[in-house]
Structures are given as C-alpha cells and as structure tokens.
Amino acid sequence: MALDKNTILGLAEHLETAELQAHDVTKITDEYPDMDWADAYAIQDEIRRRKEARGQKTVGLKCGLTSFAKMKQMGVDVPVFGFVSDYMSRPEGAAIAVKELIHPKVEAEICVVTKAPLRGPGCHVGAVMAAIDFVLPGVEVIDSRYRDFKFDLKSVIADNTSASRFVVGGRARNVEDVDLRTLGVVMEKNGKIVAMAAGAAVLGHPAAAVAALANHLGARGQEIPAGSFIMTGGVTEAIAVQAGDHIAVRFQDLGTVSLRFA
Ligand code: OOG
Ligand code: MG
C-alpha cells in the first residue's frame, strides 16, 4: 500500500459523493500517481463499507473489462472486479432516470447465480461450471465518475468499476441447457442493432471471468459465497445512452432484457 488510511478514506468519500451527486471528477491517479492495486481495492472496499453502514445491501459481484471489445474500447488489458448494491437494481422495462447519472452507457451481460462457494487460487472454468446454479441475462448501466469516461485501471477499480444501475430479467436457464460460449447476444438501441457478439467474447468463456473473480478474491483471503449473483462483464463494447433511448438486448435461449432512459 502506498497511501495512508486517511487518504484512502478521503478518496472513497470523494468518489462516492461524485456517484451520489452525479458529477464527474478527474481521475485520482493524476493526484496520486504512486497508488498501487491494493490501494485501489481498499478505496473500493471503503465505498462498500460506507454503503453497507447506511443499510444498503450488497447484492452482487461484477467482473469488468473481461471482453476483448471492452478492453479495446477502454485501452486496458486486465479484468477488474466490483460490486452492486440493492439501490442500483431496476426491474425489467424500467425507466432509468438519467438526471441521477453523469454519462451512462449500457452493456449486455451474461449473469450467473452460484450454488456452492468458489475459492481461488486455482479456480478454473470446470469448478465454476459445477458451482453455477443458473444463468440469466442482464443489462448493466455503467457510469464512470471520471471526466469523459477516461481512466486507468487503478482509478476505475477505486470507482467500483463504474457500477451504477443494472437490470436482470429474461429467462433463467440451467447451465447445462445453454452453451455459454456460443450464446449469441444482439443489442438494439431504438430498434436498431448497435452491437452483437457471443459469450466467448468474455475471456473465451464467461465462466472464466467468474474463475478470475474467485482467484482475485482468493489472493485476498476471500471467496465467492454460495448464492452469489455475478455479472461476468459486458460482451460487446458499451453503448452511450441518453433520455428517450430504449434498449433491448436479445440473448439466445435466455430471452430479452429491455429498459428505457427518461
Ligand atoms: C469499467 C467497467 C466495465 C464491464 O462489464 O466491462 C464493466 C468501465 O468500462 O467503465 O462493467
Ligand atoms: Mg459491466
């Protein structure tokens, strides 16, 4: 760790305030170029602690920057991990209020719920497949708190990987009834196709993203508990949205998830 405790607490407050007041900030590595990975996750952990202390429940874990399209779009090369809280969840078909957000983008996400704990190191696709209870489709609304959505990995980790809103819906399926790699995803904005891909875009296999999360947590003495909801990361690049936009994401075998922005 390169930052002291007070700096970590201050940066967590700074970033969470930007989230809650929907205003952007400059990326924190500009001011703290020496911060390390442990600092970045410590800031994110403090944001989680602040939310839980206010009674907001942590309801899921997210993998980010797991697809080649996303890595290329954001100019980075390793995945990041974050969490989602109860107040970020919206029902299917919901209108998402853009005035509560800075510059939202949507992502199509293949999501899983586990039935057994997963603990790294050494977690792999096979272990993840055995631990998945069911698969379901989701759409994540990301909203980086950094100006113009420009950041480096440490800054985005501290900012809870741009977590903002999410919608899960469609049809839940048993993992043996779908092929996660060839599962096709078509994203439509206002009735026009804007992106498409297949599950293999996510680290070759969406379960590999869950394994990477388990190994990341394992290195910190933590595990993915049974019953966890996990978003495996945007399959395509993220698409910017504004008030009036309607998004529908069609997932092969898993139905459609739609939402609108108001
Ligand atoms: C970071 C979060 C990325 C994903 O699914 O790749 C993410 C960002 O691009 O702002 O959630
Ligand atoms: Mg995402």
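What this report covers is the structure whose coordinates are included nearby. Per chain, residue numbering runs from 1 following the sequence as it is written. Labels follow written order: the first chain is A, the first ligand is 1, and so on. Owing to the predicted nature of the model, reporting of local features is limited to residues with pLDDT of at least 70; listing and counting of side-chain atom pairs is limited to 80 or more, with chain, interface and lining totals taken over all residues. In computing side-chain properties, one takes all heavy atoms of the structure into account and sets aside hydrogens as well as water.

Some words on the overall build of the protein chain
Turning to step 1, where the next piece is worked out: Numbering goes from the N terminus for both helices and strands, where a helix is a DSSP run of H or I of at least four residues and a strand is a run of E of at least two. Helix and strand content of the protein chain: six helices and twelve strands.
Turning to step 2, where the next piece is worked out: Radius of gyration means the value over C-alpha atoms here, while the globule rule gives 2.2 Å times the residue count to the 0.38 power. Its C-alpha atoms give the protein chain a radius of gyration of 17 Å, within 12% of the compact-globule value 18 Å for 262 residues.
Turning to step 3, where the next piece is worked out: Seen through its C-alpha atoms, the protein chain measures out along the principal axes to roughly 50 × 45 × 35 Å.
Turning to step 4, where the next piece is worked out: Counting the 262 residues in the protein chain, one finds 52% classified as buried.
Turning to step 5, where the next piece is worked out: The criterion used for residue contact is that any of the two residues' heavy atoms lie within 4.5 Å. For the protein chain, the share of sequence-separated contacts (at least 6 apart) that also reach a separation of at least 24 residues comes to 76%.
Turning to step 6, where the next piece is worked out: Here the accessible surface of atoms and residues is derived via Shrake-Rupley with a 1.4 Å probe, and residues count as covered only by protein chains that are part of the display. Of the roughly 10700 Å² of accessible surface on the protein chain, 51% is carried by carbon and sulfur atoms.
Turning to step 7, where the next piece is worked out: Computed over 29 positive and 33 negative side-chain charges, the inter-centroid distance for the protein chain is 3 Å. Using a 1.4 Å probe on the protein chains alone, a residue whose accessible area is under 20% of its type maximum counts as buried, one over 50% counts as exposed, and one in between counts as partly exposed. We treat Lys and Arg as the positive residues and Asp and Glu as the negative residues; His and chain ends play no part in the count. By convention, the point assigned to a charge is CZ for Arg, NZ for Lys, CD for Glu and CG for Asp.

As for the site of ligand 1
Turning to step 1, where the next piece is worked out: Whether a residue is near a molecule or strand is decided by its heavy atoms; if any one of them lies within 4 Å of it, the residue is near. Among the 17 residues in the neighbourhood of ligand 1, the closest are listed as Leu65, Lys70, Glu107, Ser162 and Gly234.
Turning to step 2, where the next piece is worked out: Between ligand 1 and the protein, one listed contact pairs an oxygen atom with a side-chain N or O atom of Glu109 at 3.0 Å.
Turning to step 3, where the next piece is worked out: With respect to ligand 1, the side chain of Ser162 contributes an N or O atom lying 2.6 Å from an oxygen atom.
Turning to step 4, where the next piece is worked out: Starting from 320 Å² of accessible surface for ligand 1 in isolation, the protein chains cover 100%.
Turning to step 5, where the next piece is worked out: If you list the elements that add at least two residues to the shell around ligand 1, you get β1 (58-64), α3 (68-74), β4 (105-114), β5 (132-142) and β9 (229-234).
Turning to step 6, where the next piece is worked out: Counting residues per element, the shell around ligand 1 draws most heavily on β1, which supplies three residues.
Turning to step 7, where the next piece is worked out: Broken down by class, the residue content of the shell around ligand 1 amounts to seven nonpolar, five polar and five charged. Whenever two N or O atoms come within 3.5 Å, that pair is a polar contact, provided that in protein one can donate a hydrogen and the other can accept it, and provided that, for residues adjacent in sequence, both atoms are side-chain atoms. Residues are sorted three ways: Asp, Glu, Lys and Arg are charged, Ala, Val, Leu, Ile, Met, Phe, Trp, Tyr, Cys and Pro are nonpolar, and all the rest, Gly among them, are polar.

Quick notes on helix α1 (residues 5-21)
Turning to step 1, where the next piece is worked out: When the terminal C-alpha atoms of α1 are compared, their 24 Å separation across 17 residues agrees well with the 24 Å that a helix rising 1.5 Å per residue should span.
Turning to step 2, where the next piece is worked out: Taken together, the buried positions of α1 are Thr7, Ile8, Leu11, Ala12, Leu15, Glu16, Ala18 and Glu19. Along the axis of α1, the buried positions cluster into a sector of 155°, meaning they face one direction only. Seen from the open side of α1, the exposed residues pointing more than 90 degrees away from its buried face are Asn6 and Gln21.
Turning to step 3, where the next piece is worked out: The inward-facing, buried residues of α1 contact α2 (37-53) and α5 (153-158).
Turning to step 4, where the next piece is worked out: Of the residues trailing α1, Ala22 is marked for its positive phi of about 55°. The span one expects for a helix is its residue count, reduced by one, times 1.5 Å. Directions drawn from the helix axis to the C-beta atoms are what define this arc.

Here we look at the packing of α1 against α2
Turning to step 1, where the next piece is worked out: For the pair α1 and α2, the least separation of the axes is 9 Å and the interaxial angle reads 60°. The angle between α1 and α2 falls in the class oblique. The handedness of the crossing between α1 and α2 is right-handed. The segment α1 lies against α2, with Ile8, Leu9, Leu11, Ala12, Glu13, Leu15, Glu16, Glu19 and Leu20 engaging Asp39, Ala42, Ile43, Glu46, Ile47, Arg50 and Lys51.
Turning to step 2, where the next piece is worked out: Residue classes in the contact of α1 with α2 are distributed as nine nonpolar, no polar and seven charged. Note on geometry: axes are lines fitted to C-alpha atoms, helical ones only across the stretch in contact, with angles between N-to-C directions running from 0 to 180 degrees. Throughout, the term roughly parallel applies to angles under 35 degrees, roughly antiparallel to angles over 145, roughly perpendicular to angles from 65 to 115, and oblique to all others. Note: crossing handedness is left-handed where the near helix turns anticlockwise from the far helix by less than a right angle, and right-handed where it turns clockwise.

Observations regarding the nonpolar core
Turning to step 1, where the next piece is worked out: Core analysis: the biggest nonpolar cluster contains 73 residues, and Ile43, Val106, Val135, Ile224 and Phe251 have the highest contact counts within it.
Turning to step 2, where the next piece is worked out: Sort the elements by how many residues they give to this core and helix α6 (residues 206-218) lands first, with seven residues.
Turning to step 3, where the next piece is worked out: The contacts of Phe251, once residues within four sequence positions are left out, are Ala108, Glu109, Ile110, Pro137, Gly138, Leu183, Gly184, Val185 and Val257.
Turning to step 4, where the next piece is worked out: The nonpolar core is taken to be a set of buried Ala, Val, Leu, Ile, Met, Phe, Trp, Tyr and Cys residues, with the residues joined through side-chain atoms within 4.5 Å. Met88, Val113, Leu136 and Ala163 belong to the second largest nonpolar core, which has nine residues in total.

Considering the coordination of the magnesium ion (ligand 2)
Turning to step 1, where the next piece is worked out: Each metal site lists N, O and S donors within 2.8 Å (3.2 Å for Na, K and Ca). With water left out of the atoms, a site can look as if it is missing ligands. Ligation of the magnesium ion (ligand 2) by protein atoms is provided by Glu107 (OE), Glu109 (OE) and Glu140 (OE), these donors lying 2.0 Å from the ion.
Turning to step 2, where the next piece is worked out: On the primary sequence, the residues serving as donors to the magnesium ion (ligand 2) are separated as E-x1-E-x30-E. In this pair, Glu109 is assigned in strand β4 and Glu140 in strand β5, connecting sequence segments 31 residues apart. Like Glu140, Glu109 is buried.

A few points about the sheet that holds strand β11 (residues 246-251)
Turning to step 1, where the next piece is worked out: Judged by pairing direction, the sheet is mixed, and its five strands sit side by side in the order β3-β12-β11-β7-β8 without closing on themselves. In this open sheet, the two strands that pair with only one neighbour each are β3 (95-96) and β8 (192-198).
Turning to step 2, where the next piece is worked out: Strands qualify as paired when DSSP identifies two bridges or more between them. One ladder, built from six bridges, connects β11 with strand β12 (residues 255-261); its direction is antiparallel. Its bridge partner being in β12, Arg250 is matched across the sheet by Thr256.

Re the packing of aromatic side chains
Turning to step 1, where the next piece is worked out: Stacked, tilted and edge-to-face are the three classes applied to pairs of Phe, Tyr and Trp rings, where Trp contributes its six-membered ring and a pair requires centres within 6.5 Å; stacked means planes under 30 degrees apart, edge-to-face means over 60, and tilted covers the rest. Scanning all chains against the criterion turns up two aromatic pairs.
Turning to step 2, where the next piece is worked out: Centroid distance Phe166 to Phe229: 5.7 Å. Interplanar angle 25°. Geometry classified as stacked. With a gap of 63 residues between them, Phe166 in strand β6 (residues 163-168) and Phe229 in strand β9 connect regions that are remote in the sequence.
Turning to step 3, where the next piece is worked out: Owing to a relative accessible area of 4%, Phe166 belongs among the buried residues under this scheme.
Turning to step 4, where the next piece is worked out: Working rule: Lys NZ or Arg CZ, within 6 Å of ring centre, within 35 degrees of ring normal, means a charge sits over the ring. One residue, Lys105, lies across the ring of Phe149, its end atom 4.1 Å from the ring centre.
Turning to step 5, where the next piece is worked out: Positioned above the aromatic ring of Trp37, the side-chain terminus of Lys154 is 5.0 Å from the ring centre.

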